[in-house]
Structure formats: structure tokens, C-alpha cells
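Notes for the structure review
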Amino acid sequence: MLFKRLLLLLLALFLVLAGILAVNTLRKGSLQLQIAPTSRLPIDEKRLAEKLGGAVRLRTVAAYDDADAGAGEFLKLHAYLEHQFSPRRLPSRGATPADR
């Protein structure tokens, strides 16, 4: 009998909490900022595909039991990506890496 009352009390508390949450959800408006869409940036897709294709050609396979086995290839990948997409190499005036 005590167990049944305890379960009913927990159910009642849950329903009160759910009701409070529902009321607060309906009462408060959205806080999402309304931002106008920006214009699309021009991207040279062929050039970007060539640059990413260069990264794919590197053999970056990690071994399960030896974490340092392919470290050299990962370092080459890091250097390649840094060289191809470094912000220091970008022209000024807001160009994207694909525009170089």
C-alpha cells in the first residue's frame, strides 16, 4: 500500500513538472536570431577538387597496435593541408581558400 502511494506521488510530481515545462515552453518566444542569408562565395570547384585530391593521394593509414607507424604520412598530410589552405597564402579582401 505504501509502495503504491509512493508511485502515485512520483507520478503526480512528474506530471506537475511536465506541466510547468509545457507552460514555460509555450509562454516564452524563440530566442533564435533572425539573420539574413549572405551571398554565395565564388568557389573554383575544379581547383578545390585538385587540392583535396592531393590530400587523398597521401597514404594515411593508422595501425591498430602501433600508433606511430604512419606518423610520417600524417605529418606529410598536415604539411600539405597547411601549405594548400593556409590563411597566410590567401589574397586579401575576403577570398576563400578555393579562390587562390
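Model, not experiment: these values are computed from the prediction.

**Let's talk about the overall build of the chain**
Of the regular secondary structure elements, the chain holds three helices and zero strands. Secondary structure of the chain in N-to-C order comes out as α-α-α. Residue burial in the chain is summarised as follows: out of 100 residues, 11% are buried. If you take every contact in the chain between residues at least 6 apart in sequence, the share linking residues at least 24 apart comes to 46%. Accessible surface, the chain as shown: approximately 9200 Å² in total, 65% of it carbon and sulfur.

**Structural notes on the packing of aromatic side chains**
Here the structure, examined in full by the defined rule, presents zero aromatic pairs. Against the face of Phe 85 rests Lys 51, its NZ or CZ located 5.9 Å from the ring centre.

**Considering the confidence of the model for the chain**
Per-residue confidence for the chain averages 82 on the pLDDT scale, and 87% of its residues sit at or above 70. When the elements of the chain are averaged for pLDDT, helix H3 (residues 71-85) gives the smallest value, 86, and helix H1 (residues 2-27) the largest, 94.

**Brief notes about the packing of helix H2 (residues 45-56) against H3**
Contact geometry for H2 and H3: axes closest at 9 Å, N-to-C directions at 165 degrees. The angle between H2 and H3 places the two elements in the roughly antiparallel class. For the pair H2 and H3, the sense of crossing is right-handed. Contact residues: H2 offers Leu 48, Glu 50, Lys 51, Leu 52, Gly 54 and Ala 55, while H3 offers Leu 77, Tyr 80, Leu 81, Gln 84 and Phe 85. For the contact of H2 with H3, the class distribution of residues is seven nonpolar, two polar and two charged.

**Quick look at a nonpolar patch on the surface**
Residues Phe 3, Leu 6, Leu 7, Leu 9, Leu 10 and Leu 13 make up a contiguous nonpolar surface patch of roughly 630 Å² in combined accessible area. Along the chain, Leu 9 turns up in helix H1. Since its relative accessible area comes to 49%, Leu 9 is described here as partly exposed.

**Brief notes about H2**
The end-to-end C-alpha distance of H2, which contains twelve residues, comes to 16 Å, matching closely the 16 Å that a straight helix rising 1.5 Å per residue would cover. If you follow the buried residues of H2, they end up packed against H3.

**Let's talk about H1**
With 26 residues, H1 extends 37 Å from end C-alpha to end C-alpha; this agrees with the ideal 38 Å at 1.5 Å per step. Judged by how many residues are buried, H1 sits mostly at the surface: zero of 26 residues are covered.

**Observations concerning the pattern of salt bridges**
Using the criterion set out here, one finds one salt bridge in the structure. Of the charged contacts in the structure, one is a salt bridge between Glu 73 and Lys 76, with a shortest N-O distance of 3.1 Å. You can see Glu 73 and its partner Lys 76 sitting in helix H3, three residues apart, about one turn around the helix. For Glu 73, a relative accessible area of 23% translates into the label partly exposed.

**Some points on the environment of Gly 72**
Along the chain, Gly 72 turns up in helix H3. Sequence spacing of Gly 72 and Thr 60 is twelve residues, and the spatial spacing of their C-alpha atoms is 8.8 Å.

Cut-off values and rules
- Residues numbered from 1 in each chain as written.
- Predicted model: local features only at pLDDT ≥ 70, side-chain atom pairs only at ≥ 80, totals over all residues.
- Heavy atoms only, no water.
- Helix = DSSP H or I, 4+ residues; strand = E, 2+ residues; numbered from the N terminus.
- Buried < 20%, exposed > 50% of the residue type's maximum accessible area, 1.4 Å probe, protein only.
- Contact = heavy atoms within 4.5 Å.
- Areas by Shrake-Rupley, 256 points an atom, 1.4 Å probe, with all protein chains shown as cover.
- Phe/Tyr/Trp six-rings, centres within 6.5 Å; stacked < 30°, edge-to-face > 60°.
- Lys NZ or Arg CZ within 6 Å of the ring centre and 35° of its normal.
- pLDDT = per-residue confidence, 0-100.
- Axes fitted to C-alpha atoms, helices over the stretch in contact; angles between N-to-C directions.
- Parallel < 35°, antiparallel > 145°, perpendicular 65-115°, else oblique.
- Left-handed = near helix turned anticlockwise from the far one by under 90°.
- Nonpolar A, V, L, I, M, F, W, Y, C, P; charged D, E, K, R; others polar.
- Patch = residues over 30% accessible without salt bridge, like charges linked within 9 Å, V, L, I, M, F, W, Y side chains within 5 Å.
- Salt bridge = Lys/Arg side-chain N within 4 Å of Asp/Glu carboxyl O.
- Expected span 1.5 Å × (residues − 1).

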